[in-house]
Amino acid sequence: MEPPFQFILGCLLLMVFIGCAPVDCLSACYLDKSLTIDGNLSDWPKARDKIVVTDRKIAQGGIKRILSDNRISCTSAWDTEYLYLAFQVDDTQLNAVQIKRDHTELYLDDMVEFLLDPLCDASDLWLPDDMVYHINLLGTVKDDRGTVAGKKNIAWNGTAKYALKLQGTLNNDTDLDGGYILEVAIPWEELGVTPISGLELGYNFANGDNDGKGRQLFDWRSAWPMRNPRQFGTIELIKE
């Protein structure tokens, strides 16, 4: 007896749903030697996991957003000293103006934001293990860490190493640019956890796009508010 049409249709829909399910984990491969943080990814392993994100119209807290045409991809790796992150951003207009650390409007520049919940406790609160970095195209940083009260401590300054490589001209909108690469190394001492294969860290990342159209910001997990680890995905350390 052939299965009824409704059964077949249901199976097909389930397959489509599973195939379209959002990725919530980024695998970080183990490295035998440290990477050179110079914005050049030629020393990264060729076969590595990657998360690619583009903007999409999502209602976040009732805020009407101007969509970005950027595309951002993120990969990760690790060794005994650092957690590494690499971001490649397609962006046709490169713009950034903030040069003061922790400037309140740095998020309006072209920039990458990444947020980490090292204990992976997925709290709704911004706790002492949680941290965020914003890095614009001038290499200016805006960072903070959580507190016991679940608030952000803007006086905290991280020690991550990073390097930028621009593919285009900064603050010149008369031409078309290609984008940029941001490479980051975060010390495990700062993260406060011991790296071991199978370890998971809560994680999210975002891209800020300054095309002179107002606020353009989108993230991997569509989290709102952004400092909400419960809505993060994860990075999983893999050592094969």
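Above this text sits the structure in question.
Calculation criteria
Residues numbered from 1 in each chain as written. Predicted model: local features only at pLDDT ≥ 70, side-chain atom pairs only at ≥ 80, totals over all residues. Heavy atoms only, no water. Core = buried A, V, L, I, M, F, W, Y, C linked by side-chain atoms within 4.5 Å. Buried < 20%, exposed > 50% of the residue type's maximum accessible area, 1.4 Å probe, protein only. Helix = DSSP H or I, 4+ residues; strand = E, 2+ residues; numbered from the N terminus. Contact = heavy atoms within 4.5 Å. Polar contact = N/O pair within 3.5 Å; in protein donor to acceptor, adjacent residues only side chain to side chain. Phe/Tyr/Trp six-rings, centres within 6.5 Å; stacked < 30°, edge-to-face > 60°. 1 Å grid on protein atoms, 1.4 Å probe; cavity = no way out; pocket = protein on both sides within 12 Å on 5 of 7 lines; lining within 4 Å. Points joined across faces, edges and corners; volume = space filled by probe spheres on them. Nonpolar A, V, L, I, M, F, W, Y, C, P; charged D, E, K, R; others polar.

A.B. asks: So what exactly am I meant to see when it comes to the nonpolar core here?
C.D. replies: A general tendency of soluble globular proteins is for nonpolar side chains to be buried together. Formed by 38 residues in total, the largest nonpolar core has its most connected members in F87, F114, Y203 and F205. Grouped together as the second largest cluster of nonpolar side chains are 13 residues, L35, W44, Y82 and Y84 included.

A.B. asks: Which parts of the structure should I look at to understand the side chain of E113?
C.D. replies: Relative to the elements of secondary structure, E113 occurs in strand β5 (residues 111-117). Among residues more than four places away in sequence, those in contact with E113 are V132, Y133, H134, N204, F205, A206, L217 and M226.

A.B. asks: Would you take a moment to explain the environment of E183 for this structure?
C.D. replies: Mapping E183 onto the fold places it in strand β10 (residues 179-187). Since its relative accessible area comes to 0%, E183 is described here as buried. Here the side chain of E183 touches W44 through a polar contact of 2.8 Å, side chain to side chain.

A.B. asks: Would you mind going over the packing of aromatic side chains with me for this structure?
C.D. replies: Describing an aromatic ring pair means giving the distance of the ring centres and the angle of the ring planes. Across all of its chains, the model carries 10 aromatic pairs by this definition. Centroid distance F87 to F114: 5.9 Å. Interplanar angle 20°. Geometry classified as stacked. Placement of the pair is F87 in strand β4 (residues 82-90) and F114 in strand β5, with a sequence separation of 27 residues. Given a relative accessible area of 0%, F87 falls into the buried group.

A.B. asks: Could you clarify how one ought to interpret the environment of N40 in this entry?
C.D. replies: Its place among the elements puts N40 in the loop between β1 (25-30) and β2 (51-54). A C-alpha to C-alpha distance of 7.8 Å links N40 and E183, two positions 143 residues apart in sequence. There is a polar contact of 3.0 Å between the side chain of N40 and the backbone nitrogen of S42.

A.B. asks: Whenever I open this one, the layout of surface pockets confuses me. Can you help?
C.D. replies: Taken as a whole, the largest pocket encloses approximately 310 Å³ of empty space. Along the walls of the largest pocket sit 15 residues, with E113, R215, L217, M226 and R227 positioned nearest its centre. In the lining of the largest pocket, the residues fall into 6 nonpolar, 3 polar and 6 charged. A volume near 160 Å³ is recorded for the second largest pocket. What lines the second largest pocket is simply S27, A28, C29, Y30, A47, R48, D49, I238, K239 and E240.

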